[in-house]
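Overview (structure and organization)
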Amino acid sequence: KAFVNRVASGAKGRYDQVVPTVLSDSGATNRGIKELLAKLGELDSQDSLIVALAGHGDFQNGEWYFLPHDVDPKNIPGTGISARELQDALVNSPVRRIFLMVDACNSGAGIDSFNRYRAFQRRFAQQVGRNAGLSVLTATRRDQLAAEVPQLGHGLFTHTVLEGLGGAADNSPTDGRISAHELANFVGENLEKRARPFLESHHLTQSPAHFVIGSDFLI
């Protein structure tokens, strides 16, 4: 919710309309998430889309899954939301500017999956000349846990994202605006060192993963 509020506040005056939709706790079921993903196909090509997933994730049999509120731990492939389903929803949407943010364990495996599916990359590569851009930013590499730090009020990843949106990511150029590439680069360059004081006593690290295709755009 803090992420949604920060984005909505920053987008005022830069976009004609900001339409936040939030699924949380018991509303973030497998069915609820899939219904919301299906609605992405109803958007306009001139829209900018930001999708943020925050919760639990798991990597099984070569596929990454986001775990909804009603997931069955004994049947994650059947009750989770796979990286492939996320990709299909984005490929089937007419939107040409997309930012996907995932704050969950093992979420870097989702990027590995994105790289496997050529249709996903081809769709955006074909639209680069029409001001199309995709940025994907995840909290961890494929084999890492995403740390929650109670004193921060957020996970380390979301805390760093909010810091970037608050102005720290405004550096390429410094113009009072935050772009998708600026935010992805800021988190990529800063999360690991911010995580170190909280994780090194447990002999753990947390390194974000990200990639971009095509044009940059304001978020």
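Residues numbered from 1 in each chain as written. Predicted model: local features only at pLDDT ≥ 70, side-chain atom pairs only at ≥ 80, totals over all residues. Heavy atoms only, no water.

1. Here's the deal with the sheet that holds strand E1 (residues 48-54)
The strands that make up a sheet pair up through hydrogen bonds in the backbone, lying either parallel or antiparallel. Taken in spatial order, the four strands line up as E1-E5-E6-E9 in an open sheet, and their pairing is mixed. Each edge of the open sheet is held by one strand with a lone partner, namely E1 and strand E9 (209-214). Direction aside, the axes of adjacent strands within the sheet are offset by 5° on average. Bridge count for strand E5 (residues 97-103) against strand E6 (residues 133-138) is six bridges, and the pairing is parallel. (Pairing = 2+ DSSP bridges. Helix = DSSP H or I, 4+ residues; strand = E, 2+ residues; numbered from the N terminus. Axes fitted to C-alpha atoms, helices over the stretch in contact; angles between N-to-C directions.)

2. Remarks on the sheet that holds strand E4 (residues 81-82)
Judged by pairing direction, the sheet is antiparallel, and its three strands sit side by side in the order E2-E3-E4 without closing on themselves. The open sheet has two free edges, formed respectively by strand E2 (56-60) and E4, since each of these has just one partner strand. The pairing of E2 with strand E3 (residues 63-67) spans five bridges and is antiparallel. Among the inter-strand pairings, Gln60 is bridged to a residue of E3, identified as Glu63.

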